[in-house]
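Letter by letter, the chains look like this.
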Amino acid sequence: MIVYLNGAFLPAEKACLSPLDRGFLFGDGIYEVIPSYQGAFFLLDEHLERLRRSLREIRMPEPQPEKGWAAVLAELLERNPGGDRSVYLQLTRGSAPRDHAFPAAAAATEFAMVSPIAPLSVDLAERGFAAITLPDQRWGRCDIKSVALLPNVLARQHAVEQGAVEAILLRGGKLTEGAASNVFVVLGGAVVTPALGPEILPGITRRFLLDALRNEGWDCREEPVLESTLRSADEIWLTSSTKELLPVTVLDGRPVGTGRPGPMWGRALDVFQRARERSMATPATGAE
Ligand SMILES: Cc1ncc(COP(=O)(O)O)c(C=O)c1O
(Lines give C-alpha, C1' and ligand atoms only; values in the text may rest on other atoms or scores of the structure.)
Protein backbone atom coordinates (compact mmCIF):
# COMPACT_ATOMS: atom_id res chain seq x y z
CA MET A 1 0.00 0.00 0.00
CA ILE A 2 1.26 3.46 -0.93
CA VAL A 3 0.37 6.20 1.54
CA TYR A 4 0.73 9.97 1.50
CA LEU A 5 2.74 11.58 4.31
CA ASN A 6 3.75 15.24 4.45
CA GLY A 7 4.08 15.76 0.71
CA ALA A 8 5.52 12.35 -0.24
CA PHE A 9 3.96 9.14 -1.59
CA LEU A 10 5.66 6.10 -0.09
CA PRO A 11 5.09 2.48 0.98
CA ALA A 12 3.16 2.34 4.29
CA GLU A 13 6.02 0.49 6.03
CA LYS A 14 8.42 3.32 5.16
CA ALA A 15 6.12 6.07 6.49
CA CYS A 16 7.41 7.29 9.87
CA LEU A 17 6.01 9.78 12.34
CA SER A 18 7.53 11.46 15.36
CA PRO A 19 6.29 10.09 18.72
CA LEU A 20 5.88 13.77 19.65
CA ASP A 21 3.15 14.14 17.05
CA ARG A 22 0.19 15.80 18.73
CA GLY A 23 -2.17 13.43 17.00
CA PHE A 24 -0.44 10.58 18.84
CA LEU A 25 -0.02 12.39 22.19
CA PHE A 26 -3.33 14.29 22.45
CA GLY A 27 -5.60 13.16 19.61
CA ASP A 28 -5.07 16.76 18.43
CA GLY A 29 -6.20 16.42 14.84
CA ILE A 30 -9.11 15.88 12.48
CA TYR A 31 -9.88 13.56 9.58
CA GLU A 32 -12.12 12.74 6.65
CA VAL A 33 -13.12 9.50 4.92
CA ILE A 34 -13.97 10.07 1.27
CA PRO A 35 -15.48 7.29 -0.85
CA SER A 36 -14.54 6.65 -4.47
CA TYR A 37 -16.28 4.47 -7.03
CA GLN A 38 -14.47 3.22 -10.11
CA GLY A 39 -11.67 5.66 -9.52
CA ALA A 40 -13.83 8.79 -9.06
CA PHE A 41 -14.55 10.51 -5.76
CA PHE A 42 -18.11 10.90 -4.53
CA LEU A 43 -18.91 14.28 -2.86
CA LEU A 44 -15.25 15.29 -2.65
CA ASP A 45 -16.03 19.02 -2.39
CA GLU A 46 -18.43 18.39 0.49
CA HIS A 47 -15.80 16.35 2.36
CA LEU A 48 -13.12 19.01 1.81
CA GLU A 49 -15.55 21.66 3.01
CA ARG A 50 -16.21 19.69 6.20
CA LEU A 51 -12.44 19.20 6.63
CA ARG A 52 -12.00 22.98 6.55
CA ARG A 53 -14.82 23.43 9.02
CA SER A 54 -13.24 20.93 11.43
CA LEU A 55 -9.90 22.78 11.11
CA ARG A 56 -11.56 26.14 11.84
CA GLU A 57 -13.31 24.69 14.89
CA ILE A 58 -10.03 23.39 16.36
CA ARG A 59 -8.25 26.63 15.35
CA MET A 60 -5.73 24.88 13.13
CA PRO A 61 -4.53 26.59 9.92
CA GLU A 62 -5.24 24.54 6.80
CA PRO A 63 -2.09 22.96 5.41
CA GLN A 64 -2.00 23.69 1.69
CA PRO A 65 -0.26 20.98 -0.32
CA GLU A 66 1.25 22.52 -3.43
CA LYS A 67 -1.04 20.62 -5.79
CA GLY A 68 -4.17 21.06 -3.67
CA TRP A 69 -5.99 18.30 -1.81
CA ALA A 70 -8.07 17.09 -4.74
CA ALA A 71 -4.91 16.38 -6.79
CA VAL A 72 -3.09 14.74 -3.86
CA LEU A 73 -6.01 12.42 -3.12
CA ALA A 74 -6.52 11.60 -6.81
CA GLU A 75 -2.84 10.68 -7.13
CA LEU A 76 -3.07 8.48 -4.03
CA LEU A 77 -6.00 6.60 -5.59
CA GLU A 78 -4.08 6.14 -8.83
CA ARG A 79 -1.11 4.75 -6.93
CA ASN A 80 -3.36 2.18 -5.20
CA PRO A 81 -5.31 0.63 -8.07
CA GLY A 82 -8.29 -1.53 -7.12
CA GLY A 83 -12.06 -1.49 -6.92
CA ASP A 84 -14.22 0.90 -4.92
CA ARG A 85 -12.14 2.50 -2.20
CA SER A 86 -12.23 5.16 0.49
CA VAL A 87 -9.46 7.62 1.19
CA TYR A 88 -8.70 8.43 4.81
CA LEU A 89 -7.14 11.88 5.26
CA GLN A 90 -5.84 12.94 8.67
CA LEU A 91 -4.32 16.29 9.65
CA THR A 92 -2.77 16.86 13.06
CA ARG A 93 -1.28 19.94 14.71
CA GLY A 94 2.17 18.46 14.12
CA SER A 95 5.06 17.48 16.31
CA ALA A 96 6.35 19.61 19.21
CA PRO A 97 7.53 19.26 22.82
CA ARG A 98 4.58 17.95 24.82
CA ASP A 99 2.44 20.78 26.14
CA HIS A 100 -1.36 20.93 25.97
CA ALA A 101 -1.43 24.50 24.61
CA PHE A 102 -0.80 24.98 20.88
CA PRO A 103 2.88 24.93 19.89
CA ALA A 104 4.25 28.32 18.80
CA ALA A 105 5.53 26.79 15.58
CA ALA A 106 4.81 23.31 14.29
CA ALA A 107 4.14 22.14 10.77
CA ALA A 108 0.92 20.14 10.49
CA THR A 109 1.21 16.42 9.87
CA GLU A 110 -0.62 15.37 6.70
CA PHE A 111 -1.42 11.69 6.23
CA ALA A 112 -3.66 9.83 3.78
CA MET A 113 -4.25 6.18 2.93
CA VAL A 114 -6.64 4.09 0.87
CA SER A 115 -8.92 1.23 2.04
CA PRO A 116 -11.28 -1.03 0.10
CA ILE A 117 -15.05 -0.45 0.38
CA ALA A 118 -16.76 -3.82 0.85
CA PRO A 119 -19.89 -4.10 -1.29
CA LEU A 120 -23.12 -4.99 0.55
CA SER A 121 -23.61 -8.74 0.10
CA VAL A 122 -26.98 -9.95 -1.17
CA ASP A 123 -27.30 -12.11 1.92
CA LEU A 124 -26.85 -9.17 4.31
CA ALA A 125 -29.13 -6.94 2.23
CA GLU A 126 -31.81 -9.61 2.70
CA ARG A 127 -31.20 -10.14 6.42
CA GLY A 128 -30.22 -6.66 7.56
CA PHE A 129 -27.95 -5.82 10.48
CA ALA A 130 -28.05 -5.98 14.24
CA ALA A 131 -27.32 -2.91 16.38
CA ILE A 132 -27.22 -2.29 20.09
CA THR A 133 -27.93 0.90 22.04
CA LEU A 134 -25.45 2.45 24.47
CA PRO A 135 -25.22 5.69 26.45
CA ASP A 136 -23.45 8.39 24.42
CA GLN A 137 -20.32 9.08 26.48
CA ARG A 138 -18.59 11.37 23.99
CA TRP A 139 -17.64 15.03 24.40
CA GLY A 140 -19.83 18.06 23.64
CA ARG A 141 -18.46 18.77 20.12
CA CYS A 142 -19.29 15.65 18.15
CA ASP A 143 -19.85 17.92 15.11
CA ILE A 144 -16.03 18.13 14.77
CA LYS A 145 -14.54 15.11 12.98
CA SER A 146 -11.85 14.68 15.60
CA VAL A 147 -9.38 11.78 15.58
CA ALA A 148 -9.94 11.44 19.37
CA LEU A 149 -12.34 8.51 19.06
CA LEU A 150 -11.88 6.48 22.25
CA PRO A 151 -15.60 6.51 23.26
CA ASN A 152 -16.52 5.50 19.69
CA VAL A 153 -13.91 2.72 19.81
CA LEU A 154 -15.30 1.37 23.08
CA ALA A 155 -18.90 1.59 21.84
CA ARG A 156 -18.08 -0.19 18.60
CA GLN A 157 -16.18 -2.91 20.46
CA HIS A 158 -19.24 -3.53 22.69
CA ALA A 159 -21.31 -3.88 19.52
CA VAL A 160 -18.88 -6.31 17.91
CA GLU A 161 -18.75 -8.44 21.07
CA GLN A 162 -22.53 -8.74 20.87
CA GLY A 163 -22.52 -9.69 17.21
CA ALA A 164 -23.82 -6.26 16.17
CA VAL A 165 -22.57 -4.03 13.36
CA GLU A 166 -23.08 -0.72 15.14
CA ALA A 167 -23.70 0.92 18.52
CA ILE A 168 -26.56 3.44 18.39
CA LEU A 169 -25.96 6.15 20.98
CA LEU A 170 -28.51 7.73 23.34
CA ARG A 171 -28.08 10.92 25.30
CA GLY A 172 -30.69 12.32 27.71
CA GLY A 173 -33.35 9.88 26.47
CA LYS A 174 -32.78 10.84 22.81
CA LEU A 175 -31.02 9.32 19.83
CA THR A 176 -27.82 11.06 18.77
CA GLU A 177 -26.09 8.88 16.13
CA GLY A 178 -24.12 5.66 15.64
CA ALA A 179 -20.52 5.17 16.80
CA ALA A 180 -19.50 5.69 13.14
CA SER A 181 -22.75 6.52 11.32
CA ASN A 182 -25.84 8.72 11.33
CA VAL A 183 -29.17 7.13 12.19
CA PHE A 184 -32.58 7.47 10.50
CA VAL A 185 -35.91 6.06 11.66
CA VAL A 186 -39.06 5.47 9.60
CA LEU A 187 -42.32 6.27 11.36
CA GLY A 188 -45.58 5.73 9.56
CA GLY A 189 -44.18 6.81 6.18
CA ALA A 190 -42.04 9.72 7.45
CA VAL A 191 -38.23 9.58 7.55
CA VAL A 192 -36.84 11.18 10.70
CA THR A 193 -33.26 11.88 11.77
CA PRO A 194 -31.89 14.03 14.60
CA ALA A 195 -31.29 17.68 13.64
CA LEU A 196 -27.71 18.89 13.29
CA GLY A 197 -26.01 20.33 16.36
CA PRO A 198 -22.96 19.78 18.54
CA GLU A 199 -24.11 16.29 19.49
CA ILE A 200 -23.78 14.71 16.05
CA LEU A 201 -21.46 14.70 13.07
CA PRO A 202 -22.93 16.52 10.06
CA GLY A 203 -22.71 13.39 7.93
CA ILE A 204 -22.13 13.93 4.22
CA THR A 205 -24.19 10.82 3.41
CA ARG A 206 -26.97 12.01 5.76
CA ARG A 207 -27.23 15.32 3.91
CA PHE A 208 -27.07 13.68 0.46
CA LEU A 209 -29.78 11.16 1.36
CA LEU A 210 -32.09 13.83 2.82
CA ASP A 211 -31.71 16.00 -0.30
CA ALA A 212 -32.21 13.04 -2.66
CA LEU A 213 -35.36 11.85 -0.83
CA ARG A 214 -36.83 15.36 -0.57
CA ASN A 215 -36.23 15.90 -4.29
CA GLU A 216 -38.48 12.92 -4.88
CA GLY A 217 -41.17 14.25 -2.55
CA TRP A 218 -40.48 12.14 0.55
CA ASP A 219 -41.56 13.42 3.95
CA CYS A 220 -38.21 13.90 5.75
CA ARG A 221 -37.86 15.53 9.13
CA GLU A 222 -34.82 16.65 11.10
CA GLU A 223 -36.01 16.67 14.70
CA PRO A 224 -35.36 15.02 18.06
CA VAL A 225 -35.92 11.25 18.15
CA LEU A 226 -36.87 9.93 21.57
CA GLU A 227 -35.53 6.59 22.73
CA SER A 228 -39.12 5.30 22.82
CA THR A 229 -39.57 6.39 19.17
CA LEU A 230 -36.37 4.61 18.16
CA ARG A 231 -37.57 1.44 19.85
CA SER A 232 -40.98 1.53 18.13
CA ALA A 233 -39.73 2.61 14.67
CA ASP A 234 -40.97 0.73 11.59
CA GLU A 235 -37.45 0.84 10.17
CA ILE A 236 -34.01 2.02 11.30
CA TRP A 237 -31.26 2.93 8.83
CA LEU A 238 -27.59 3.81 9.21
CA THR A 239 -25.70 6.09 6.83
CA SER A 240 -22.00 6.69 6.33
CA SER A 241 -19.58 7.26 3.49
CA THR A 242 -18.44 3.64 3.49
CA LYS A 243 -21.74 1.97 4.52
CA GLU A 244 -24.01 4.10 2.31
CA LEU A 245 -27.44 3.10 3.65
CA LEU A 246 -27.82 0.01 5.84
CA PRO A 247 -31.02 -1.44 7.31
CA VAL A 248 -30.97 -2.29 11.04
CA THR A 249 -33.32 -5.22 11.56
CA VAL A 250 -32.48 -6.15 15.16
CA LEU A 251 -32.04 -3.62 17.97
CA ASP A 252 -30.83 -4.86 21.36
CA GLY A 253 -31.84 -8.39 20.35
CA ARG A 254 -35.42 -7.44 19.38
CA PRO A 255 -36.72 -7.22 15.80
CA VAL A 256 -37.16 -3.77 14.23
CA GLY A 257 -40.57 -3.72 12.47
CA THR A 258 -40.96 -7.08 10.78
CA GLY A 259 -37.34 -8.00 11.54
CA ARG A 260 -36.53 -7.82 7.80
CA PRO A 261 -35.14 -4.86 5.81
CA GLY A 262 -38.19 -2.63 5.30
CA PRO A 263 -39.77 -1.56 2.00
CA MET A 264 -38.87 2.09 2.61
CA TRP A 265 -35.20 1.12 2.94
CA GLY A 266 -35.23 -0.62 -0.44
CA ARG A 267 -36.83 2.39 -2.12
CA ALA A 268 -34.56 4.87 -0.32
CA LEU A 269 -31.47 2.91 -1.40
CA ASP A 270 -32.68 3.06 -4.98
CA VAL A 271 -33.24 6.85 -4.73
CA PHE A 272 -29.80 7.23 -3.13
CA GLN A 273 -27.97 5.18 -5.75
CA ARG A 274 -29.66 6.90 -8.67
CA ALA A 275 -28.82 10.30 -7.16
CA ARG A 276 -25.24 9.15 -6.62
CA GLU A 277 -24.91 8.08 -10.25
CA ARG A 278 -26.27 11.45 -11.41
CA SER A 279 -23.94 13.32 -9.07
CA MET A 280 -20.92 11.32 -10.25
CA ALA A 281 -21.79 11.95 -13.87
CA THR A 282 -21.11 15.64 -13.03
CA PRO A 283 -17.49 15.50 -11.82
CA ALA A 284 -16.55 17.34 -8.61
CA THR A 285 -14.58 20.51 -9.20
CA GLY A 286 -12.16 19.76 -6.38
CA ALA A 287 -12.40 23.53 -5.82
CA GLU A 288 -10.03 24.53 -3.07
C1 LIG B 1 -19.72 9.51 14.49
C2 LIG B 1 -20.07 9.49 13.04
N3 LIG B 1 -21.28 9.93 12.66
C4 LIG B 1 -21.65 9.92 11.35
C5 LIG B 1 -20.80 9.44 10.37
C6 LIG B 1 -21.24 9.45 8.93
O7 LIG B 1 -20.65 10.53 8.25
P8 LIG B 1 -20.38 10.51 6.68
O9 LIG B 1 -21.70 10.22 6.03
O10 LIG B 1 -19.89 11.88 6.37
O11 LIG B 1 -19.39 9.44 6.42
C12 LIG B 1 -19.52 8.99 10.72
C13 LIG B 1 -18.61 8.51 9.68
O14 LIG B 1 -17.62 7.90 9.92
C15 LIG B 1 -19.14 9.03 12.08
O16 LIG B 1 -17.92 8.60 12.47
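As shown above, the structure is provided for reference.
Reading guide: rules and limits
Residues numbered from 1 in each chain as written. Predicted model: local features only at pLDDT ≥ 70, side-chain atom pairs only at ≥ 80, totals over all residues. Heavy atoms only, no water. Near = heavy atom within 4 Å. Polar contact = N/O pair within 3.5 Å; in protein donor to acceptor, adjacent residues only side chain to side chain. Areas by Shrake-Rupley, 256 points an atom, 1.4 Å probe, with all protein chains shown as cover. Helix = DSSP H or I, 4+ residues; strand = E, 2+ residues; numbered from the N terminus. Nonpolar A, V, L, I, M, F, W, Y, C, P; charged D, E, K, R; others polar. Buried < 20%, exposed > 50% of the residue type's maximum accessible area, 1.4 Å probe, protein only. Contact = heavy atoms within 4.5 Å. Expected span 1.5 Å × (residues − 1). Arc of directions from axis to C-beta. Pairing = 2+ DSSP bridges. Right-handed = clockwise from strand over helix to strand, strands pointing away.

## So, the site of the ligand
Every one of the 17 residues lining the ligand counts as a neighbour, but Arg50, Glu177, Ile204, Thr205 and Ser241 are closest to it. The backbone of serine 181 places a nitrogen or oxygen atom 3.5 Å from a nitrogen atom of the ligand. In isolation the ligand has 390 Å² of accessible area, and contact with the protein removes 92% of it. Only β9 (174-178), α6 (204-215) and β13 (235-240) provide two or more residues apiece to the shell around the ligand. Among the residues making up the shell around the ligand, the classes are represented as five nonpolar, eight polar and four charged.

## What about the side chain of aspartate 143?
Considering the arrangement of structural elements, one finds aspartate 143 in the loop between β7 (129-135) and α5 (150-161). Given a relative accessible area of 6%, aspartate 143 falls into the buried group. Polar contacts involving the side chain of aspartate 143 include one to the side chain of arginine 53, which spans 2.9 Å. In this structure, aspartate 143 is in contact with Arg53, Gly197, Pro198, Ile200, Leu201 and Pro202, ignoring residues within four places of it in sequence.

## As for the environment of tryptophan 139
As for its placement among the helices and strands, tryptophan 139 is situated in the loop between β7 and α5. Remark: the alpha-carbon pair of tryptophan 139 and leucine 73, spanning 66 residues in sequence, is separated by 30 Å. If sequence neighbours within four positions are ignored, tryptophan 139 has contacts with Ile144, Ser146 and Arg171. Within the structure, tryptophan 139 has its side chain in polar contact with the backbone oxygen of arginine 141 (distance 3.2 Å).

## Overview of α5
The terminal C-alpha atoms of α5, which comprises twelve residues, lie 16 Å apart, in line with the 16 Å expected from a rise of 1.5 Å per residue. Taken together, the buried positions of α5 are occupied by Asn152, Ala155 and Ala159. Seen from one end, α5 has its buried residues packed into an arc of 65°, which puts them on one side. Exposed residues lying more than 90 degrees from the buried face of α5 are Leu150, Leu154 and Glu161. In this fold, the buried residues of α5 make contact with β7 and β8 (166-171).

## Describing the pairing of strand β11 (residues 190-193)
Here β11 shows no split at all, with Ala190 and Val192 on one side and Val191 and Thr193 on the other all buried. Relative to β11, strand β10 (residues 182-187) runs antiparallel, the two being bridged by three bridges. For leucine 187, the partnering residue across the bridge sits in β11 and is alanine 190. One crossover worth recording links β11 to the parallel strand β12 (residues 220-222) by way of α6, and it is right-handed.

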